[in-house]
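# A closer look at the structure
Below are the chains, spelled out letter by letter.
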Amino acid sequence: AGREVTGDTLVTTGMTVNIKGNQLVNTYVIVVQGDVNGDGQVSVSDVRQALRAAVGKTELAPPQEAAADVDRAGGVSVGDVRKILRYAVGKIEQF
């Protein structure tokens, strides 16, 4: 059994949602664009992780990589990092 998300609980990258119907359970992994570290916010910490991935210094788990790939071009690029940074510092309001 998981925990119910209510009120002001942040939904974060990497959380799972289970949808139950009849005897079937479908599990989905949540991806919040820009939330690379899975804390529910887009900050300089996410920029750092995305940059390390873009230059090959670290490998991200699939949900993290999807969160970092804000231009949805496949993979994490310096362009993605730039967009995450601009979002984190308030220069843009969406990806």
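The paragraphs below set out a description of the structure included in this document. (Residues numbered from 1 in each chain as written. Predicted model: local features only at pLDDT ≥ 70, side-chain atom pairs only at ≥ 80, totals over all residues. Heavy atoms only, no water.)

## Regarding the side chain of Thr 13
Our working rule: Runs of E in the DSSP output that reach at least two residues are strands. Runs of H or I that reach at least four are helices, and both are numbered from the N terminus. For the purposes of these results, a polar contact is taken to be a pair of N or O atoms within 3.5 Å, where, inside protein, one atom must be able to donate a hydrogen and its partner to accept one; residues adjacent in sequence count only when each atom of the pair is a side-chain atom. Two residues qualify as a contact provided that any one of their heavy atoms is within 4.5 Å of a heavy atom in the partner residue.
Structurally, Thr 13 can be placed in the segment before β1 (16-21). Separated by 3.0 Å, the side chain of Thr 13 and the backbone nitrogen of Val 32 make a polar contact. Here Asp 35 takes part through its backbone oxygen, which lies 2.9 Å from a polar atom of the side chain of Thr 13. Each residue touching Thr 13, except ones within four places of it in the same chain, is listed here: Ile 30, Val 31, Val 32, Asp 35, Gly 38, Pro 63, Gln 64 and Ala 67.

## Here's the deal with the pairing of β1
For clarity, the cut-off: One bridge is not enough; two strands pair if DSSP finds at least two bridges between them.
Note: β1 against strand β2 (residues 24-29), 6 bridges, orientation antiparallel. Along β2, the bridge assignment pairs Asn 18 with Thr 27.

## Comments concerning unusual backbone geometry
The phi dihedral of Asn 22 is positive, around 55 degrees, even though this residue is not glycine. Along the chain, the position of Asn 22 falls in the loop between β1 and β2. Its identity as a non-glycine residue notwithstanding, Arg 72 has a phi of 55 degrees, on the positive side. Mapped onto the elements, Arg 72 comes out in the loop between α2 (62-68) and α3 (78-88).

## Overview of the nonpolar core
Put simply, the test is: Residues grouped as a nonpolar core are buried Ala, Val, Leu, Ile, Met, Phe, Trp, Tyr and Cys residues, joined through side-chain atoms within 4.5 Å. Partly exposed describes any residue whose relative accessible area lies between the buried limit of under 20% and the exposed limit of over 50%, with all areas from a 1.4 Å probe on protein chains only and scaled to the type maximum.
The biggest cluster of nonpolar side chains holds 11 residues, and these are Val 36, Val 42, Val 47, Ala 50, Ala 53, Leu 60, Ala 68, Val 70, Val 76, Val 81 and Ile 84. Mapped by element, the contributors of at least two residues to this core are α1 (44-54) and α3. It is α1 that contributes the most residues to this core, 3 residues altogether. Leaving out residues up to four positions away in the same chain, Val 47 has contacts with Val 81, Ile 84, Leu 85 and Ala 88.

## Focus on the side chain of Asp 46
Note the threshold: Think of it this way: Lys and Arg go in the positive column, Asp and Glu in the negative one, and His and the chain ends go nowhere. Every case where a carboxyl oxygen of Asp or Glu lies within 4 Å of a side-chain nitrogen of Lys or Arg is listed as a salt bridge.
Here Asp 46 shows up in helix α1. No salt bridge forms around the buried Asp 46; measuring N to O, its nearest opposite-charge neighbour Arg 48 is 10 Å away. Within polar-contact distance, the side chain of Asp 46 engages the backbone nitrogen of Asn 37 at 2.8 Å. Setting aside residues up to four positions removed in sequence, Asp 46 forms contacts with Gly 34, Asp 35, Val 36, Asn 37, Asp 39, Gln 41 and Ile 84.

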